[in-house]
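Residue-level structure breakdown
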Amino acid sequence: MSTAFETESDLIEAMAAERDDAFREAIRRYQSPMMAVAMSLVGDKLADEVVQEAWLSALRAIGSFEQRSSLKTWLLRIVANEGKTRLRRENRQTSLDAMLEVDPYFRERFDSTGHWTAAPAAWEADTPEALLTRDELQHCIEQTMMQLPGLQQAALNLRERQGMSMKELCNILEVSESNVRVLLHRARMRVFRTIEHFETTGECQPGE
Amino acid sequence: MTLFNCRDISERATDYQENRMSWRERLNWKLHLLICRDCQRFVSQFLVMVRALQRPLPETTEKEVQDQLRRVKEARS
Ligand SMILES: [Zn+2]
């Protein structure tokens, strides 16, 4: 733990002054969250490059950062932007609308009156700990998350693993609050589907 | 106010978990859960799942810090 930067403003100032110890501290604090967002959006292979670009952009712009959000939120927004630009350039972007749609699988889980066509299966793992202690299931959940559309994956990561608020998610991903809620919900429902499938068949079916 | 059906419950589970419902919607939600065992099970499992997903990211390792710092400095020199 560094004690050199008591407040975030101290760190930001030192970064603007191009101090090495400030760069090091910022990287220590934010590299892991930045990599997580980049991997969600562009995948493992390109994440390094996206994060590198994001650091360079951030260090160029740090002098004019007005601190209307936390430094972390500001950095993650830059990563998300770099990631989206990258996807656009490579024609790999998925439309937001497509990412907001109901999974066709769940459309069929309800009849015309809105009742379950097949009741939700009871899970053997009925506590968070029980879900996490089964390696095979854990692995299957991770695979499912890796196959989610980029913005869904990023929303899930920011909310569950980084504890960012819904407002921060909007800011970082540059989507409206109602869309963030839907992205997050679609991601969670896809994971739910994977767990349910695993619980009933013992098999992992992480993709479509 | 139209009553929630099971599909509504499945669609609104995140709004419920994130506390993004009006008191009317919350009441509606509770009324449905009172009478529907399938949704009781769905909701309790959904909430277990969300808690299971809430694990902190790993800390950045010293090696990762050094690698990134070196790359940044190289690009800026
Ligand atoms: Zn129901």
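What counts, and at which threshold
- Residues numbered from 1 in each chain as written.
- Chains lettered and ligands numbered in written order.
- Predicted model: local features only at pLDDT ≥ 70, side-chain atom pairs only at ≥ 80, totals over all residues.
- Heavy atoms only, no water.
- Disulfide = S-S within 2.5 Å.
- Helix = DSSP H or I, 4+ residues; strand = E, 2+ residues; numbered from the N terminus.
- Buried < 20%, exposed > 50% of the residue type's maximum accessible area, 1.4 Å probe, protein only.
- Arc of directions from axis to C-beta.
- Contact = heavy atoms within 4.5 Å.

Brief notes about the state of the cysteines
Disulfide: a covalent bond formed between the sulfur atoms of two cysteine residues. Residues and elements named next belong to chain A. Applying the stated criterion to the full structure yields one disulfide over all chains. The partner cysteine of Cys140 in its disulfide is Cys204, sulfur to sulfur 2.1 Å. Classification of the bridge connecting Cys140 and Cys204 rests on its S-S torsion, roughly 95°, and on that basis the disulfide is right-handed. Within this pair, whereas Cys140 is found in helix H8 (residues 135-146), its partner Cys204 is found in the segment after helix H11 (177-201), the two being separated by 64 residues in sequence. Note on Cys140: relative accessible area 0%, which makes it buried. Given a relative accessible area of 33%, Cys204 falls into the partly exposed group.

Topic: helix H1 (residues 8-16) of chain A
Count 3.6 residues to each turn of an α-helix, and residues three or four apart come out pointing the same way. Residues and elements named next belong to chain A. Here H1 has its buried residues at Leu11, Ile12, Ala14 and Met15. Considered in projection along H1, the buried side chains sweep an arc of 165° and stay on one side of the axis. The inward-facing, buried residues of H1 contact helix H2 (20-42), helix H3 (44-61) and helix H4 (71-89).

Limitation: the analysis is restricted to geometry and does not speak to function.
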